[in-house]
Amino acid sequence: QVQLVESGGGLVQAGGSLRLSCVASGSFFSINTMGWYREAPGKQRDFVARISSSDWTNYADSVKDRFTISRDNAKNTVYLQMNSLKPEDTAVYYCYAIINSGSDRRYWGQGTQVTVSS
């Protein structure tokens, strides 16, 4: 079985930085694309960023030039470095991974709360 466990959320002031981590564990052949979504209170879950197995990246316009996604393949971990945080970034952040454990499947983490105060 595959699990994704997130960490690094918390409370930060506007303009500050935070680094989220998400580690995949279990039995699988490979991890393909990994990424992040976020869900603000009362709103839909929106795409934030993704990174492919060859380190190609893609970002939502709302976080471009402020957030950086990266991965450590040896640790099966994806990171989201968040700089210049705004109150509008307040949300539960969810990581995901496309993992081959016999066949490709999308897995989700449990989410981690990020709160940005003004």
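Just so it is clear, the structure is predicted and the values come from calculations on it, not from any experiment.

**Describing the overall build of the protein**
Logical step 1: Across its full length, the protein carries zero helices and eleven strands.
Logical step 2: Start at the N end of the protein and walk to the C end: the helices and strands fall as β-β-β-β-β-β-β-β-β-β-β.
Logical step 3: Against the compact-globule benchmark of 13 Å for 118 residues, the protein has a radius of gyration of 14 Å, which places it among compact chains.
Logical step 4: Each principal axis of the C-alpha distribution contributes one length, and for the protein these read about 45 × 25 × 25 Å.
Logical step 5: Buried positions account for 41% of the 118 residues belonging to the protein.
Logical step 6: A fraction of 56% describes how many contacts in the protein between residues 6 or more apart in sequence connect residues 24 or more apart.
Logical step 7: For the protein, the accessible area works out to roughly 6300 Å², and carbon and sulfur atoms hold 44% of it.

**A look at the state of the cysteines**
Logical step 1: Considering all chains together, one arrives at one disulfide under this definition.
Logical step 2: For Cys22, the disulfide goes to Cys95, at an S-S distance of 1.9 Å. A residue pair is termed long-range when its members are at least 10 positions apart, and Cys22 in strand S3 (residues 18-26) and Cys95 in strand S9 (residues 91-100) qualify at 73 residues.
Logical step 3: A relative accessible area of 1% places Cys22 in the buried class.

**Concerning the pattern of salt bridges**
Logical step 1: Applying the stated criterion across every chain yields a total of four salt bridges.
Logical step 2: As a salt-bridge pair, Asp61 and Lys64 come within 3.0 Å of each other at their nearest N and O atoms.
Logical step 3: Residue Asp61 is classed as exposed on the basis of its relative accessible area of 66%.
Logical step 4: Judged by its relative accessible area of 39%, Lys64 is partly exposed.
Logical step 5: Across the pair Arg66 and Asp89 runs a salt bridge whose closest N-O atoms are separated by 2.8 Å. Separated by 23 residues along the polypeptide, Arg66 in the loop between strand S6 (57-59) and strand S7 (67-72) and Asp89 in the loop between strand S8 (77-82) and S9 bring together distant segments of the chain. Residue Arg66 shares its accessibility class with Asp89, and that shared class is buried.
Logical step 6: Through salt bridges that share partners, Arg38, Arg66 and Asp89 make up one connected network.

**Describing the nonpolar core**
Logical step 1: Counting residues in hydrophobic clusters, the biggest one holds 30 residues, and the most contacted among them are Trp36, Leu80, Met82 and Tyr93.
Logical step 2: Every element with two or more residues in this core is listed here: strand S1 (2-7), S3, strand S4 (30-39), strand S5 (45-51), S7, S8, S9 and strand S11 (112-117).
Logical step 3: Residue contributions to this core peak at five residues, all from S9.
Logical step 4: Setting aside its immediate chain neighbours within four residues, Leu80 contacts Leu18, Arg19, Leu20, Trp36, Val48, Ala49, Phe67, Thr68, Ile69 and Tyr93.

Rules of the game
- Residues numbered from 1 in each chain as written.
- Predicted model: local features only at pLDDT ≥ 70, side-chain atom pairs only at ≥ 80, totals over all residues.
- Heavy atoms only, no water.
- Helix = DSSP H or I, 4+ residues; strand = E, 2+ residues; numbered from the N terminus.
- Rg over C-alpha atoms; globule rule 2.2 N^0.38 Å.
- Buried < 20%, exposed > 50% of the residue type's maximum accessible area, 1.4 Å probe, protein only.
- Contact = heavy atoms within 4.5 Å.
- Areas by Shrake-Rupley, 256 points an atom, 1.4 Å probe, with all protein chains shown as cover.
- Disulfide = S-S within 2.5 Å.
- Salt bridge = Lys/Arg side-chain N within 4 Å of Asp/Glu carboxyl O.
- Core = buried A, V, L, I, M, F, W, Y, C linked by side-chain atoms within 4.5 Å.

Function cannot be inferred from these measures alone, as they are strictly geometric.
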